[in-house]
Amino acid sequence: MIINGNSLLRAAPIKDMKEEKAKFLGTSFGLSEAGYDLSIEQDVWLAPDNRFKLASALEEFQMPNNLLGVVHDKSTWARRGLSVFNTVIEPGWRGFLTLELVYHGSEGIHITAGQGIAQVLFHEISDPACYSGKYQNQEKGPQEARS
């Protein structure tokens, strides 16, 4: 079951969640109808010769042990050729989310720091779990893959 609205605010998987949807430069961020729209921390430029970039979300996660988050594209960016990898945010995970961006367009694209970049849908899981892997307590800013 997807957790949204007031139930999501009570679960507080993100520190200092925005209780309503806001807009910045044409993209939304904050609590959405079915989940939460994330903002990007830094300016990002992508072009046909530079299609992949790591970026990070402004939001800091503190996932409860009964919720799992799945990152999805925002339609505004997808319609311009930008994909955000569908990362899974494990129950019990804490830290700042690194986003993997891929550009499929033929022109350049600029994403301004603070714009909405992706949507997270939160799913309730049947048995509580707690992530304890190598990305626990991930720091702010884009983080490279760890071996």
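A quick note: this is a predicted structure, and the numbers were derived from the prediction, not measured. (Residues numbered from 1 in each chain as written. Predicted model: local features only at pLDDT ≥ 70, side-chain atom pairs only at ≥ 80, totals over all residues. Heavy atoms only, no water.)

Notes on the overall build of the chain
Which entries qualify depends on this criterion: Under the scheme used here, helices are H or I runs from DSSP no shorter than 4 residues and strands are E runs no shorter than 2 residues, and both carry numbers assigned from the N terminus. The globule rule is 2.2 Å times the number of residues to the power 0.38, and the radius of gyration it is compared with is taken over C-alpha atoms. Buried residues are those whose accessible area, probed at 1.4 Å on protein chains only, stays under 20% of the maximum for their type, while exposed residues exceed 50% and partly exposed ones sit between those limits. We call two residues in contact when some of their heavy atoms are within 4.5 Å. Where accessible areas are quoted, they stem from the Shrake-Rupley method and a 1.4 Å probe; at the residue level, only the protein chains shown are allowed to cover. As used throughout, the charge tally considers Lys and Arg to be positive and Asp and Glu to be negative, leaving His and the chain termini uncounted. Taken as the charge centre is NZ of Lys, CZ of Arg, CG of Asp or CD of Glu, depending on the residue.
A tally of helices and strands in the chain yields two helices and 12 strands. Along the chain direction, N to C, the helices and strands of the chain fall in the order β-α-β-β-β-β-β-β-α-β-β-β-β-β. Relative to the globule expectation of 15 Å for 147 residues, the C-alpha radius of gyration of the chain, 15 Å, shows essentially globular dimensions. Expressed as lengths along the three principal axes of its C-alpha atoms, the size of the chain is roughly 45 × 35 × 25 Å. Sorting the 147 residues of the chain into buried and exposed places 46% on the buried side. Once local pairs closer than 6 in sequence are excluded, the contacts in the chain between residues at least 24 apart make up 71%. Within the structure as shown, the chain displays about 7500 Å² of accessible surface, and the carbon and sulfur contribution to it stands at 49%. The averaged location of the 18 negative side-chain charges in the chain is 2 Å from the averaged location of its 14 positive side-chain charges.

Re the confidence of the model for the chain
Note the following rule: Values of pLDDT, which run from 0 to 100, indicate the predictor's confidence residue by residue.
Mean pLDDT over the chain works out to 95, with 100% of the residues at or above the 70 mark. Element-level mean pLDDT values for the chain span from 89 in strand β2 (residues 22–24) up to 98 in strand β7 (residues 67–73).

Some words on the nonpolar core
Soluble globular proteins tend to pack their nonpolar side chains together in the buried interior. The condition that has to hold: Among buried residues, those of type Ala, Val, Leu, Ile, Met, Phe, Trp, Tyr and Cys that are joined through side-chain atoms within 4.5 Å constitute a nonpolar core.
Counting 32 residues, the largest nonpolar core has Leu-38, Phe-61, Leu-97, Leu-101, Ile-117 and Phe-122 as the members making the most contacts within it. For this core, the secondary-structure elements that each account for two or more residues are β4 (36–39), β5 (44–46), β6 (52–62), β7, β8 (82–84), β10 (94–103), β11 (109–111) and β12 (116–124). Each residue touching Leu-38, except ones within four places of it in the same chain, is listed here: Ile-14, Ala-57, Glu-59, Phe-61, Leu-97, Gln-115, Gly-116, Ile-117, Ala-118 and Val-120.

Some remarks on the pairing of β12
The test is simple: Only strands joined by at least two bridges in the DSSP assignment are considered to pair.
Most of β12 sits inside the fold, with seven of its nine residues counted as buried. Both strand β1 (residues 2–3) and β12 contribute to a ladder of two bridges, which runs antiparallel. Looking at β12, one finds that Ile-3 is bridged to Phe-122. As defined by bridge partners, β4 adjoins β12 across four bridges and the pair is classed as antiparallel. Looking at β12, one finds that Leu-38 is bridged to Ala-118.

Here's the deal with the pattern of salt bridges
Going by this rule: Here a salt bridge means any side-chain nitrogen of Lys or Arg lying within 4 Å of a carboxyl oxygen belonging to Asp or Glu.
Scanning the entire structure with this criterion turns up three salt bridges. Of the charged contacts, one joins Glu-33 and Lys-21 as a salt bridge, the two residues approaching to 3.0 Å between their closest N and O atoms. Of the two residues, Glu-33 is situated in the loop between β3 (27–31) and β4 and Lys-21 in the loop between α1 (5–11) and β2; the sequence distance between them amounts to 12 residues. Its salt-bridge partner being Lys-74, residue Asp-37 comes within 3.0 Å of it at the nearest N-O pair. Within this pair, whereas Asp-37 is found in strand β4, its partner Lys-74 is found in the loop between β7 and α2 (75–78), the two being separated by 37 residues in sequence. Each member of the pair Asp-37 and Lys-74 is classed as buried.

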